[in-house]
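One-letter residues, chain by chain:
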Amino acid sequence: MLELFLTFAKIGCFTFGGGYAMISLIEDICVTKKKWITHDEMMNMTVIAESTPGPIAINCATFVGYKMKGLKGAFAATIGVILPSFLIIYVISCFLGNFMEIKVVADAFRGIKLAVGLLIFNAGLGMLSNMKKKLFPRIIFCTSMLLMLCSEFLGFKISTVVMMMTAGVIGLIYNYVSEMRKH
Amino acid sequence: MIYLQLFLGFLQIGIFAFGGAYGAIPLIRDVVMTYGWLSEDQLTYMIAVSESTPGPIMVNMATYIGSSQAGVLGAVIATTAVAIPSFVIILIVSTILKNITDNPEFQAVLRGIKPCIVGIILSTGLYMIINNCRMDGGLNRVNIVITIILIMFILLHKRFLKRKASPIHLIIFAAVLGVAFGRI
(Lines give C-alpha, C1' and ligand atoms only; values in the text may rest on other atoms or scores of the structure.)
Protein backbone atom coordinates (compact mmCIF):
# COMPACT_ATOMS: atom_id res chain seq x y z
CA MET A 1 0.00 0.00 0.00
CA LEU A 2 2.75 2.41 1.01
CA GLU A 3 4.67 1.28 -2.06
CA LEU A 4 1.70 2.15 -4.31
CA PHE A 5 1.48 5.58 -2.70
CA LEU A 6 5.22 6.29 -2.97
CA THR A 7 5.50 5.00 -6.53
CA PHE A 8 2.68 7.20 -7.78
CA ALA A 9 4.01 10.13 -5.77
CA LYS A 10 7.27 9.66 -7.67
CA ILE A 11 5.37 9.59 -10.98
CA GLY A 12 3.57 12.77 -9.91
CA CYS A 13 6.90 14.46 -9.12
CA PHE A 14 8.66 13.73 -12.38
CA THR A 15 6.15 14.14 -15.17
CA PHE A 16 6.15 17.47 -16.86
CA GLY A 17 3.81 18.30 -19.70
CA GLY A 18 0.68 16.42 -18.73
CA GLY A 19 -0.89 13.06 -19.39
CA TYR A 20 0.83 11.64 -22.42
CA ALA A 21 4.30 12.13 -20.93
CA MET A 22 2.99 10.34 -17.87
CA ILE A 23 1.78 7.27 -19.76
CA SER A 24 5.30 6.31 -20.84
CA LEU A 25 6.64 6.73 -17.30
CA ILE A 26 3.78 4.64 -15.84
CA GLU A 27 4.45 1.95 -18.44
CA ASP A 28 8.14 1.95 -17.55
CA ILE A 29 7.53 1.64 -13.80
CA CYS A 30 4.35 -0.44 -13.52
CA VAL A 31 4.86 -2.83 -16.44
CA THR A 32 8.62 -3.19 -16.92
CA LYS A 33 10.06 -2.67 -13.44
CA LYS A 34 7.39 -3.67 -10.90
CA LYS A 35 5.30 -5.97 -13.13
CA TRP A 36 2.10 -4.79 -11.44
CA ILE A 37 0.16 -4.91 -14.71
CA THR A 38 0.81 -6.56 -18.09
CA HIS A 39 1.53 -4.71 -21.30
CA ASP A 40 -1.93 -5.61 -22.64
CA GLU A 41 -3.62 -4.21 -19.54
CA MET A 42 -1.57 -1.05 -19.98
CA MET A 43 -2.76 -0.67 -23.59
CA ASN A 44 -6.33 -1.32 -22.54
CA MET A 45 -6.00 1.25 -19.77
CA THR A 46 -4.66 3.86 -22.18
CA VAL A 47 -7.75 3.43 -24.35
CA ILE A 48 -10.01 3.76 -21.30
CA ALA A 49 -8.11 6.81 -20.06
CA GLU A 50 -8.46 8.47 -23.45
CA SER A 51 -12.17 7.80 -23.76
CA THR A 52 -13.12 8.84 -20.24
CA PRO A 53 -12.94 12.39 -18.89
CA GLY A 54 -10.49 13.68 -16.34
CA PRO A 55 -6.71 13.86 -15.96
CA ILE A 56 -5.10 10.81 -17.59
CA ALA A 57 -2.70 10.43 -14.65
CA ILE A 58 -5.60 10.04 -12.22
CA ASN A 59 -7.32 7.54 -14.49
CA CYS A 60 -4.13 5.44 -14.60
CA ALA A 61 -3.41 5.70 -10.87
CA THR A 62 -6.96 4.68 -9.94
CA PHE A 63 -6.87 1.75 -12.37
CA VAL A 64 -3.52 0.35 -11.19
CA GLY A 65 -4.28 1.00 -7.51
CA TYR A 66 -7.66 -0.74 -7.72
CA LYS A 67 -6.18 -3.73 -9.49
CA MET A 68 -3.43 -4.16 -6.89
CA LYS A 69 -5.24 -3.53 -3.61
CA GLY A 70 -8.91 -2.77 -4.26
CA LEU A 71 -10.57 0.45 -3.15
CA LYS A 72 -7.85 1.31 -0.62
CA GLY A 73 -5.18 0.85 -3.26
CA ALA A 74 -7.10 3.11 -5.64
CA PHE A 75 -7.17 5.83 -2.98
CA ALA A 76 -3.49 5.42 -2.10
CA ALA A 77 -2.33 5.62 -5.74
CA THR A 78 -4.61 8.52 -6.66
CA ILE A 79 -3.68 10.61 -3.63
CA GLY A 80 -0.04 9.76 -4.32
CA VAL A 81 -0.17 11.08 -7.87
CA ILE A 82 -2.01 14.28 -6.84
CA LEU A 83 -0.08 15.23 -3.70
CA PRO A 84 3.25 16.42 -5.20
CA SER A 85 1.65 18.83 -7.67
CA PHE A 86 -0.80 20.01 -5.02
CA LEU A 87 2.04 20.93 -2.66
CA ILE A 88 4.22 22.53 -5.35
CA ILE A 89 1.39 24.64 -6.75
CA TYR A 90 0.12 25.60 -3.31
CA VAL A 91 3.52 27.07 -2.44
CA ILE A 92 3.76 28.83 -5.82
CA SER A 93 0.25 30.27 -5.43
CA CYS A 94 1.30 31.96 -2.20
CA PHE A 95 4.16 33.79 -3.93
CA LEU A 96 3.14 34.31 -7.57
CA GLY A 97 1.31 37.58 -6.88
CA ASN A 98 4.39 39.12 -5.19
CA PHE A 99 6.69 37.76 -7.87
CA MET A 100 4.76 39.57 -10.55
CA GLU A 101 5.74 42.94 -9.06
CA ILE A 102 9.41 42.38 -9.95
CA LYS A 103 9.98 43.88 -13.41
CA VAL A 104 12.06 41.00 -14.82
CA VAL A 105 9.40 38.48 -13.80
CA ALA A 106 6.60 40.58 -15.28
CA ASP A 107 8.56 40.90 -18.55
CA ALA A 108 9.21 37.16 -18.64
CA PHE A 109 5.53 36.44 -18.12
CA ARG A 110 4.64 38.83 -20.90
CA GLY A 111 6.62 36.56 -23.25
CA ILE A 112 5.22 33.41 -21.65
CA LYS A 113 1.66 34.65 -22.14
CA LEU A 114 2.28 34.66 -25.89
CA ALA A 115 3.71 31.14 -25.81
CA VAL A 116 0.63 29.71 -24.06
CA GLY A 117 -1.76 30.63 -26.89
CA LEU A 118 0.62 29.08 -29.40
CA LEU A 119 0.98 25.91 -27.30
CA ILE A 120 -2.79 25.45 -27.18
CA PHE A 121 -3.16 26.14 -30.90
CA ASN A 122 -0.30 23.74 -31.68
CA ALA A 123 -1.85 20.99 -29.55
CA GLY A 124 -5.13 21.52 -31.41
CA LEU A 125 -3.36 21.20 -34.77
CA GLY A 126 -1.81 17.91 -33.62
CA MET A 127 -5.24 16.56 -32.67
CA LEU A 128 -6.67 17.78 -35.97
CA SER A 129 -4.11 15.80 -37.97
CA ASN A 130 -4.98 12.68 -35.94
CA MET A 131 -8.71 13.14 -36.57
CA LYS A 132 -10.37 10.68 -38.98
CA LYS A 133 -10.46 12.23 -42.46
CA LYS A 134 -14.19 11.76 -42.96
CA LEU A 135 -17.09 14.10 -43.60
CA PHE A 136 -18.89 13.62 -40.27
CA PRO A 137 -16.02 14.57 -37.91
CA ARG A 138 -15.08 17.42 -40.23
CA ILE A 139 -18.57 18.93 -40.08
CA ILE A 140 -18.64 18.69 -36.27
CA PHE A 141 -15.14 20.17 -36.07
CA CYS A 142 -15.91 23.14 -38.36
CA THR A 143 -19.21 23.89 -36.64
CA SER A 144 -17.74 23.82 -33.14
CA MET A 145 -14.76 25.93 -34.17
CA LEU A 146 -16.98 28.53 -35.86
CA LEU A 147 -19.41 28.69 -32.94
CA MET A 148 -16.57 29.04 -30.47
CA LEU A 149 -14.86 31.80 -32.49
CA CYS A 150 -18.15 33.70 -32.83
CA SER A 151 -18.77 33.36 -29.11
CA GLU A 152 -15.30 34.72 -28.28
CA PHE A 153 -15.04 37.55 -30.80
CA LEU A 154 -18.67 38.64 -30.94
CA GLY A 155 -19.26 38.23 -27.25
CA PHE A 156 -22.42 36.11 -27.13
CA LYS A 157 -21.78 33.28 -24.75
CA ILE A 158 -21.98 29.58 -25.61
CA SER A 159 -21.11 27.08 -22.90
CA THR A 160 -18.43 24.59 -23.97
CA VAL A 161 -20.14 21.89 -21.92
CA VAL A 162 -23.43 22.38 -23.81
CA MET A 163 -21.56 22.23 -27.12
CA MET A 164 -19.85 18.96 -26.17
CA MET A 165 -23.09 17.39 -24.98
CA THR A 166 -24.83 18.40 -28.20
CA ALA A 167 -21.96 16.91 -30.25
CA GLY A 168 -22.28 13.67 -28.27
CA VAL A 169 -26.02 13.46 -28.99
CA ILE A 170 -25.41 14.20 -32.69
CA GLY A 171 -22.83 11.39 -32.72
CA LEU A 172 -25.44 9.01 -31.30
CA ILE A 173 -28.12 10.08 -33.82
CA TYR A 174 -25.66 9.80 -36.71
CA ASN A 175 -24.81 6.28 -35.55
CA TYR A 176 -28.52 5.26 -35.53
CA VAL A 177 -29.15 6.78 -38.96
CA SER A 178 -26.18 5.01 -40.55
CA GLU A 179 -27.21 1.73 -38.89
CA MET A 180 -30.74 2.07 -40.27
CA ARG A 181 -29.45 2.72 -43.77
CA LYS A 182 -27.47 -0.50 -43.68
CA HIS A 183 -30.61 -2.57 -43.00
CA MET B 1 -20.50 29.96 -0.76
CA ILE B 2 -17.18 30.19 -2.60
CA TYR B 3 -16.41 26.62 -1.44
CA LEU B 4 -19.56 25.29 -3.05
CA GLN B 5 -18.87 27.24 -6.25
CA LEU B 6 -15.31 25.90 -6.40
CA PHE B 7 -16.54 22.37 -5.80
CA LEU B 8 -19.27 22.49 -8.44
CA GLY B 9 -17.11 24.37 -10.97
CA PHE B 10 -14.25 21.89 -10.79
CA LEU B 11 -16.57 18.89 -10.61
CA GLN B 12 -18.01 20.06 -13.93
CA ILE B 13 -14.49 20.40 -15.36
CA GLY B 14 -13.59 16.91 -14.15
CA ILE B 15 -16.71 15.41 -15.76
CA PHE B 16 -16.29 17.02 -19.18
CA ALA B 17 -12.53 17.18 -19.62
CA PHE B 18 -12.05 14.68 -22.42
CA GLY B 19 -8.85 14.74 -24.43
CA GLY B 20 -6.30 15.47 -21.73
CA ALA B 21 -4.99 18.77 -20.46
CA TYR B 22 -5.55 20.82 -23.60
CA GLY B 23 -9.14 19.67 -23.74
CA ALA B 24 -9.57 20.92 -20.17
CA ILE B 25 -8.13 24.41 -20.71
CA PRO B 26 -11.15 25.82 -22.62
CA LEU B 27 -13.46 24.33 -19.97
CA ILE B 28 -11.43 25.80 -17.12
CA ARG B 29 -11.41 29.14 -18.94
CA ASP B 30 -15.18 28.98 -19.36
CA VAL B 31 -15.80 28.25 -15.66
CA VAL B 32 -13.17 30.71 -14.36
CA MET B 33 -14.49 33.55 -16.53
CA THR B 34 -18.11 32.82 -15.64
CA TYR B 35 -17.39 33.10 -11.92
CA GLY B 36 -14.84 35.91 -12.46
CA TRP B 37 -12.14 34.11 -10.44
CA LEU B 38 -9.16 35.18 -12.54
CA SER B 39 -8.50 37.75 -15.25
CA GLU B 40 -7.57 36.58 -18.74
CA ASP B 41 -3.90 37.47 -18.03
CA GLN B 42 -3.78 35.69 -14.67
CA LEU B 43 -5.28 32.59 -16.25
CA THR B 44 -2.63 32.56 -18.99
CA TYR B 45 0.16 32.88 -16.40
CA MET B 46 -1.36 30.01 -14.51
CA ILE B 47 -1.51 27.80 -17.59
CA ALA B 48 2.21 28.49 -18.10
CA VAL B 49 3.01 27.66 -14.46
CA SER B 50 0.99 24.43 -14.71
CA GLU B 51 2.87 23.44 -17.86
CA SER B 52 6.25 24.07 -16.26
CA THR B 53 5.64 22.25 -12.98
CA PRO B 54 5.24 18.49 -12.67
CA GLY B 55 1.91 16.73 -12.35
CA PRO B 56 -1.45 16.72 -14.13
CA ILE B 57 -2.23 20.20 -15.48
CA MET B 58 -5.86 20.02 -14.36
CA VAL B 59 -4.78 19.30 -10.77
CA ASN B 60 -2.29 22.18 -10.89
CA MET B 61 -4.95 24.60 -12.13
CA ALA B 62 -7.49 23.43 -9.54
CA THR B 63 -5.01 23.82 -6.70
CA TYR B 64 -3.95 27.28 -7.84
CA ILE B 65 -7.43 28.67 -8.42
CA GLY B 66 -8.76 27.11 -5.21
CA SER B 67 -5.90 28.56 -3.21
CA SER B 68 -6.12 32.01 -4.81
CA GLN B 69 -9.86 32.22 -4.13
CA ALA B 70 -10.22 30.60 -0.74
CA GLY B 71 -6.87 29.60 0.76
CA VAL B 72 -5.75 26.09 1.61
CA LEU B 73 -9.28 24.75 2.13
CA GLY B 74 -10.29 26.11 -1.27
CA ALA B 75 -7.27 24.39 -2.82
CA VAL B 76 -8.20 21.05 -1.22
CA ILE B 77 -11.85 21.35 -2.30
CA ALA B 78 -11.09 22.31 -5.92
CA THR B 79 -8.43 19.60 -6.30
CA THR B 80 -10.70 16.92 -4.81
CA ALA B 81 -13.59 18.01 -7.03
CA VAL B 82 -11.54 17.80 -10.24
CA ALA B 83 -10.27 14.31 -9.30
CA ILE B 84 -13.57 12.74 -8.15
CA PRO B 85 -15.18 12.14 -11.57
CA SER B 86 -12.24 10.27 -13.12
CA PHE B 87 -11.69 8.32 -9.90
CA VAL B 88 -15.32 7.19 -9.76
CA ILE B 89 -15.55 6.52 -13.51
CA ILE B 90 -12.43 4.33 -13.50
CA LEU B 91 -13.75 2.39 -10.48
CA ILE B 92 -17.02 1.78 -12.35
CA VAL B 93 -15.19 0.81 -15.54
CA SER B 94 -12.92 -1.65 -13.73
CA THR B 95 -15.77 -3.27 -11.76
CA ILE B 96 -19.17 -3.15 -13.44
CA LEU B 97 -18.77 -1.90 -16.98
CA LYS B 98 -15.64 -3.74 -18.06
CA ASN B 99 -16.50 -3.66 -21.76
CA ILE B 100 -17.86 -0.13 -22.00
CA THR B 101 -15.12 0.89 -24.44
CA ASP B 102 -16.36 -1.74 -26.92
CA ASN B 103 -19.95 -0.51 -26.69
CA PRO B 104 -21.06 0.93 -30.08
CA GLU B 105 -23.28 3.62 -28.54
CA PHE B 106 -20.50 4.79 -26.24
CA GLN B 107 -18.18 4.94 -29.25
CA ALA B 108 -20.81 6.88 -31.21
CA VAL B 109 -21.02 9.54 -28.49
CA LEU B 110 -17.22 9.83 -28.44
CA ARG B 111 -17.14 10.17 -32.23
CA GLY B 112 -19.29 13.25 -31.83
CA ILE B 113 -17.43 14.73 -28.85
CA LYS B 114 -13.84 14.32 -30.08
CA PRO B 115 -13.96 16.53 -33.21
CA CYS B 116 -15.96 19.07 -31.22
CA ILE B 117 -13.13 19.30 -28.66
CA VAL B 118 -10.56 19.80 -31.43
CA GLY B 119 -12.61 22.74 -32.71
CA ILE B 120 -12.91 24.22 -29.21
CA ILE B 121 -9.17 23.88 -28.53
CA LEU B 122 -8.11 25.41 -31.86
CA SER B 123 -10.44 28.38 -31.54
CA THR B 124 -9.36 28.98 -27.92
CA GLY B 125 -5.69 29.01 -29.00
CA LEU B 126 -6.44 31.26 -31.96
CA TYR B 127 -8.42 33.66 -29.82
CA MET B 128 -5.61 33.91 -27.25
CA ILE B 129 -2.99 34.56 -29.95
CA ILE B 130 -5.07 37.28 -31.66
CA ASN B 131 -6.10 38.83 -28.35
CA ASN B 132 -2.44 39.13 -27.30
CA CYS B 133 -1.51 40.87 -30.53
CA ARG B 134 -3.94 43.76 -30.16
CA MET B 135 -4.36 46.55 -27.63
CA ASP B 136 -7.12 49.05 -27.04
CA GLY B 137 -7.70 50.51 -30.48
CA GLY B 138 -4.62 49.17 -32.22
CA LEU B 139 -1.98 46.52 -32.67
CA ASN B 140 0.56 45.56 -30.05
CA ARG B 141 3.71 45.56 -32.25
CA VAL B 142 6.13 44.08 -29.71
CA ASN B 143 3.81 41.17 -28.99
CA ILE B 144 3.35 40.52 -32.71
CA VAL B 145 7.13 40.37 -33.19
CA ILE B 146 7.57 37.99 -30.23
CA THR B 147 4.72 35.79 -31.51
CA ILE B 148 6.32 35.56 -34.96
CA ILE B 149 9.69 34.61 -33.43
CA LEU B 150 7.97 31.92 -31.35
CA ILE B 151 6.16 30.52 -34.40
CA MET B 152 9.52 30.36 -36.22
CA PHE B 153 10.98 28.54 -33.20
CA ILE B 154 8.19 25.93 -33.31
CA LEU B 155 8.47 25.44 -37.08
CA LEU B 156 12.29 25.30 -37.18
CA HIS B 157 12.37 22.93 -34.21
CA LYS B 158 10.05 20.55 -36.03
CA ARG B 159 11.90 20.93 -39.33
CA PHE B 160 15.45 20.38 -38.06
CA LEU B 161 15.14 18.35 -34.87
CA LYS B 162 12.32 16.19 -36.31
CA ARG B 163 10.19 16.44 -33.20
CA LYS B 164 7.83 18.84 -31.52
CA ALA B 165 9.30 21.58 -29.37
CA SER B 166 8.56 20.64 -25.74
CA PRO B 167 6.19 23.06 -23.99
CA ILE B 168 8.80 23.79 -21.31
CA HIS B 169 11.46 24.76 -23.88
CA LEU B 170 9.00 27.05 -25.61
CA ILE B 171 7.97 28.65 -22.33
CA ILE B 172 11.61 29.24 -21.27
CA PHE B 173 12.44 30.70 -24.69
CA ALA B 174 9.38 32.95 -24.51
CA ALA B 175 10.38 34.16 -21.04
CA VAL B 176 13.85 35.07 -22.33
CA LEU B 177 12.29 36.95 -25.26
CA GLY B 178 9.93 38.75 -22.88
CA VAL B 179 12.84 39.93 -20.71
CA ALA B 180 14.92 40.90 -23.76
CA PHE B 181 12.12 42.98 -25.27
CA GLY B 182 11.38 44.50 -21.87
CA ARG B 183 14.86 46.05 -21.86
CA ILE B 184 14.38 47.79 -25.19
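Definitions and cut-offs
Residues numbered from 1 in each chain as written. Chains lettered and ligands numbered in written order. Predicted model: local features only at pLDDT ≥ 70, side-chain atom pairs only at ≥ 80, totals over all residues. Helix = DSSP H or I, 4+ residues; strand = E, 2+ residues; numbered from the N terminus. Buried ≥ 20, exposed ≤ 12 C-beta atoms within 10 Å, placed from the backbone. Contact = placed C-beta atoms within 7 Å. pLDDT = per-residue confidence, 0-100. Core = buried A, V, L, I, M, F, W, Y, C linked by C-beta atoms within 7 Å. Domains from an automatic or database assignment. Nonpolar A, V, L, I, M, F, W, Y, C, P; charged D, E, K, R; others polar. Expected span 1.5 Å × (residues − 1). Axes fitted to C-alpha atoms, helices over the stretch in contact; angles between N-to-C directions. Parallel < 35°, antiparallel > 145°, perpendicular 65-115°, else oblique.

So, on to the overall build of chain A. Helices and strands together make up the secondary structure of chain A, namely seven helices and zero strands. Put simply, chain A runs from its N terminus to its C terminus through helices and strands in the order α-α-α-α-α-α-α. Dimensions along the principal axes, computed over C-alpha positions, put chain A at roughly 55 × 55 × 25 Å. Counting the 183 residues in chain A, one finds 40% classified as buried. Pairs at least 24 apart in sequence give 47% of the contacts found in chain A among residues at least 6 apart.

Here we take up the overall build of chain B. Scanning chain B from terminus to terminus reveals seven helices and two strands. For chain B, the C-alpha atoms occupy an extent of roughly 60 × 40 × 30 Å along the three principal directions. When the 184 residues of chain B are sorted by exposure, 52% land in the buried category. If you take every contact in chain B between residues at least 6 apart in sequence, the share linking residues at least 24 apart comes to 55%.

In the predicted model, chain A carries a mean pLDDT of 85, and the fraction of residues at 70 or more is 97%. Averaged pLDDT values over the elements of chain A bottom out at 77 in helix H2 (residues 19–33) of chain A and peak at 90 in helix H6 (residues 135–154) of chain A.

Time to look at the nonpolar core. Within the largest apolar cluster, 105 residues are counted, with the highest numbers of intra-cluster contacts made by Ala 115 of chain A together with Ile 13 and Met 58 of chain B. Top element by residues in this core is helix H4 (residues 57–95) of chain B. It accounts for 17 residues. Beyond its immediate sequence surroundings of up to four residues, Met 58 of chain B is in contact with Pro 55 of chain A together with Ile 13, Ala 17, Ala 21, Ala 24 and Val 82 of chain B.

Let us now look at the domain arrangement of chain B. Residue and element names in this part refer to chain B. Assigned domains within chain B: domain 1 (2–132) and domain 2 (138–184). Placing a centre on the C-alpha atoms of domain 1 and another on those of domain 2 gives a separation of 26 Å. The interface of domain 1 with domain 2 comprises five residues on the first partner and five residues on the second. Of all the secondary structure elements, the ones that give two or more residues to the side of domain 1 that touches domain 2 are helix H3 (40–52) and helix H5 (104–132). Tallying contributions element by element places H3 first for the side of domain 1 that touches domain 2, with three residues. Here the side of domain 1 that touches domain 2 is composed, by residue class, of two nonpolar, two polar and one charged.

With that out of the way, let us pick up helix H1 (residues 2–14) of chain A. Across its 13 residues, H1 of chain A extends 18 Å between first and last C-alpha, which sits within 8% of the 18 Å expected from 1.5 Å per residue. Leu 4, Phe 5, Thr 7, Phe 8, Ile 11 and Gly 12 of chain A are the residues of H1 of chain A that are buried.

Here we take up unusual backbone geometry. Of note, Lys 35 of chain A is a non-glycine position whose phi angle comes to about 55 degrees, a positive value. By the element assignment, Lys 35 of chain A lies in the loop between H2 and helix H3 (39–51).

A few words on the domain arrangement of chain A. Note on interface size: it is often stated as the accessible area lost on association of the parts. Assigned domains of chain A: these are domain 1 (2–85) and domain 2 (132–183). For domain 1 of chain A and domain 2 of chain A, the distance between their C-alpha centres works out to 32 Å.

Facing the 77 residues of chain A at the interface are 86 residues of chain B. Every element with two or more residues in the side of chain A that touches chain B is listed here: H1, H2, H3, helix H4 (56–99), helix H5 (103–130), H6 and helix H7 (160–182) of chain A. Taken together, the residues of the side of chain A that touches chain B sort by class into 49 nonpolar, 23 polar and five charged.

On to the confidence of the model for chain B. Residue and element names in this part refer to chain B. Here chain B averages 86 in pLDDT, while 98% of its residues score no lower than 70. Predicted confidence in chain B is weakest over strand E1 (residues 134–135), with a mean pLDDT of 79, and strongest over helix H1 (residues 2–16), with 92. Listed scores for the predicted complex are pTM 0.80 and ipTM 0.82.

To continue, consider the environment of Arg 138 of chain A. Residue and element names in this part refer to chain A. Locating Arg 138 in the fold gives a position in helix H6. Taking the number of C-beta atoms within 10 Å as the measure of exposure, Arg 138 has 14 and is therefore partly exposed. Along the chain, Arg 138 and Leu 128 lie ten residues apart, while their C-alpha atoms are 9.4 Å from each other.

Contact geometry for H5 of chain A and H3 of chain B: axes closest at 9 Å, N-to-C directions at 75 degrees. Taken as axis vectors, H5 of chain A and H3 of chain B run roughly perpendicular relative to one another. Note on element contacts: H3 of chain B touches H5 of chain A through Asp 41, Thr 44, Tyr 45, Ile 47, Ala 48 and Glu 51 of chain B, opposite Phe 109, Ile 112, Lys 113, Ala 115, Val 116 and Leu 119 of chain A. Here the contact of H5 of chain A with H3 of chain B is built from residues that sort into eight nonpolar, one polar and three charged.

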